[in-house]
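Each chain, letter by letter, is given below.
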Amino acid sequence: MTTLTAGHTLAELKQRIESREARIGIVGMGYVGLPLALLFSNERFRVTGFDIAADKVNTLNAGGSYIVRILPESIRQAQKAGFRATADYSEIAAMDAIIICVPTPLNEYHEPDLSYVTGTVHSIAPHIREGQLIVLESTTYPGTTDDVVVPILEKNNSRGLKVDRSTGAEGAASPTAGGVHVAFSPEREDPGNDTVARHDIPKVVGGCGQGAFELASAMYGSIFHRLVPVSSPAAAEMTKLLENIYRCVNIALVNELKQLCMRMGIDIHEVIDAAKTKPFGFQAFYPGPGLGGHCIPIDPFYLSWKAKEYDFRTRFIELAGEVNTNMPYFVLEQTASALNERSKSIKGSRILVLGLAYKRDIDDLRESPSLTIIELLREKGAQVSYNDPFFPTVGRGRHYDLNMTNTPLDNLGHFDAVLIVTDHTSYDYRAIVAQAQLVIDTRNATKGIESPNIVRC
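What counts and how
- Residues numbered from 1 in each chain as written.
- Predicted model: local features only at pLDDT ≥ 70, side-chain atom pairs only at ≥ 80, totals over all residues.
- Heavy atoms only, no water.
- Helix = DSSP H or I, 4+ residues; strand = E, 2+ residues; numbered from the N terminus.
- Rg over C-alpha atoms; globule rule 2.2 N^0.38 Å.
- Buried < 20%, exposed > 50% of the residue type's maximum accessible area, 1.4 Å probe, protein only.
- Areas by Shrake-Rupley, 256 points an atom, 1.4 Å probe, with all protein chains shown as cover.
- Lys, Arg positive; Asp, Glu negative; His and termini not counted.
- Charge placed at Lys NZ, Arg CZ, Asp CG, Glu CD.
- Contact = heavy atoms within 4.5 Å.
- Pairing = 2+ DSSP bridges.
- Right-handed = clockwise from strand over helix to strand, strands pointing away.
- Axes fitted to C-alpha atoms, helices over the stretch in contact; angles between N-to-C directions.

(A) Spatial organisation of the overall build of the protein chain. Counting secondary structure elements, the protein chain contains 14 helices and 15 strands. Since a compact globule built from 457 residues should have a radius of gyration of about 23 Å, the 24 Å found for the protein chain is in line with a globular shape. In terms of its C-alpha atoms, the protein chain occupies a principal-axis envelope of roughly 80 × 50 × 40 Å. Within the protein chain, the proportion of its 457 residues that are buried is 53%. With the model as given, the accessible surface of the protein chain reaches about 20100 Å², and the carbon-plus-sulfur share is 51%. Looking at charge distribution, the protein chain has the averaged site of its 45 positive side-chain charges lying 2 Å from that of its 53 negative ones.

(B) Layout of the environment of Gly211. Its location among the elements puts Gly211 in helix H7 (residues 210–221). Given a relative accessible area of 4%, Gly211 falls into the buried group. Sequence separation of Gly211 and Leu133 is 78 residues, and the distance between their C-alpha atoms is 9.4 Å. Those residues in contact with Gly211, other than ones at most four positions away along the chain, are Leu10, Ser166 and His181.

(C) Seen up close, the pairing of strand E10 (residues 383–387). Of all five residues in E10, four are buried; the element is thus mostly enclosed. Inspection of the sheet shows strand E9 (residues 350–354) paired to E10 by five bridges, in the parallel sense. Counterpart to Leu354 in the pairing with E10 is Asn387. One crossover worth recording links E9 to the parallel E10 by way of helix H13 (residues 369–379), and it is right-handed.

(D) Structural view of the sheet that holds strand E2 (residues 46–50). In space, the eight strands of this open sheet follow the order E3-E2-E1-E4-E5-E6-E7-E8, with mixed pairing throughout. Strand pairing shows two members of the sheet lacking a second neighbour, strand E3 (84–86) and strand E8 (227–229), which therefore form its edges. The sheet shows a mean angle of 25° between the axes of neighbouring strands, taken without regard to direction. Here strand E1 (residues 23–27) runs beside E2; their pairing, made up of five bridges, is parallel. Among the inter-strand pairings, Val27 is bridged to a residue of E2, identified as Phe50. Where helix H5 (residues 115–124) meets the sheet, its contacts fall on E1, strand E4 (97–100) and strand E5 (133–136), and the angle it forms with E4 comes to roughly 160°.

Given below as C-alpha cells:
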C-alpha cells in the first residue's frame, strides 16, 4: 500500500479512495469518532484513530470498547482491516484524510469553547502535507472552518502549505493536489437509535473550494448512501445548528405547555398522543426534566453567540434555551412540593434518582439533566443516591463533581422518594411503584400504572 505524495491530482486521490487505498485518520475516539472509524473499517479502509486519552488508546488496541453500544467484537473486526489507535500526532503525515471529531462544549459563561478544536488543529498542523483532506465534523457556529481552522493550519504547518480554495472544475483551476483541502461535514450521530442504520443517514458536505468538496464527497460517498452538497462550510455548519435548534425550540414548547397543563389538570402526554394522529403539519416532541446530550442543549448558544457579531439577537432561540435550562429547577420544585404534601422537608430526605444518562438505554452522561438535578437536591440538603445500569460509579466531569456509587434497587422503601429522570427500558416500573413510598416521574415512564404514590411532572 502506497502513501500519497505531493503532485497527485485530485482524480488520483479520488481513485485511492475508491480503491480503498486511502488511509483515514480520525481524531477523537468518542461517541462520534469511534462509530465513524468502524464505518470506514467496514468498507475496508485502513483507519487510524487519534486520541489524547491513553486509556482509550490502550483499550482499543487491546480489542476492547468503552461504549456500551459498541461491542468489543466490532473493534476486533476493525483491527482485521488495519484499525489501530494512537496518541502520536506525527502519524498524521501518513494519512490521506483526517477527520476531526472532538467536543465543542460551552464555557462557564455559556459561550463556545473551541479549545478542543483549536488544540487539535494546532497538534496536526505541523504534520500535514500537500494533498491531504482535512474535515471538521464537530458541531460549531458558522465560520469556524474558514475563520478558525484554516488560519491555524496555514500558519502552523512546516511546509508553507495553503488551503486550496479553487472553485473551478476538477483538473482546471486545480490540476494537482496543490496544498491541503478543507471541508466541514456535520456529524449526525443519535446514540441509542437502532431504527436508522448509520450509512442510511444522509451526509451533508461543504468544502473550501471545489477540490475539497469533491474529495470529501468521494470519501463519505464510500460509506454513506446519500450525500447532501451545500455551497460552503458555513452553510454546512448552519445546517447542523438548524437541525438541533429545531428540536430545542419544539422541546421547549412542550416543556412550557406541560407546566400549563399541570395547572389545568390536563395530561400533556394524552394531548401529544392525540395531536400526532394528524397526518400532516405536526411532529411529536415530548417534555422531560431538561435537555441532555452534546448538541441540543448547546447548539442554540453557539448561534446566539455568533449572531451578536452581526448585531442580531436570536430572541426566540434564546427563550427556548432558557425554558429548557430551567427544567431541572422545575423538577426540584415539584419534588419539594410532593414531599411537602407528605409532611416531609426536602432537607434530610432520602431521594433515589433513577437514571444518569441523558436519554434511555445509553451510557452517555454529556449534559445530562440528572447531574444538575442531583446537585440541586444536594444543595437543598437532600441525601441523594442514584441507580443506573450503565454507570457503576460517577465521578467528576467538566460541569459536575458527584463522586457517587450505583445503589441497587433492593430496598426502595428506604427512600422517601424515587425520582425517575431517565426512563431506561430495563426498569420494572410496576415493581418500583409497588415498593416505593413516593415516585416522581419526569418521563411518563409510569404511563398506565395507577397509584396514589405517583406524582407525574
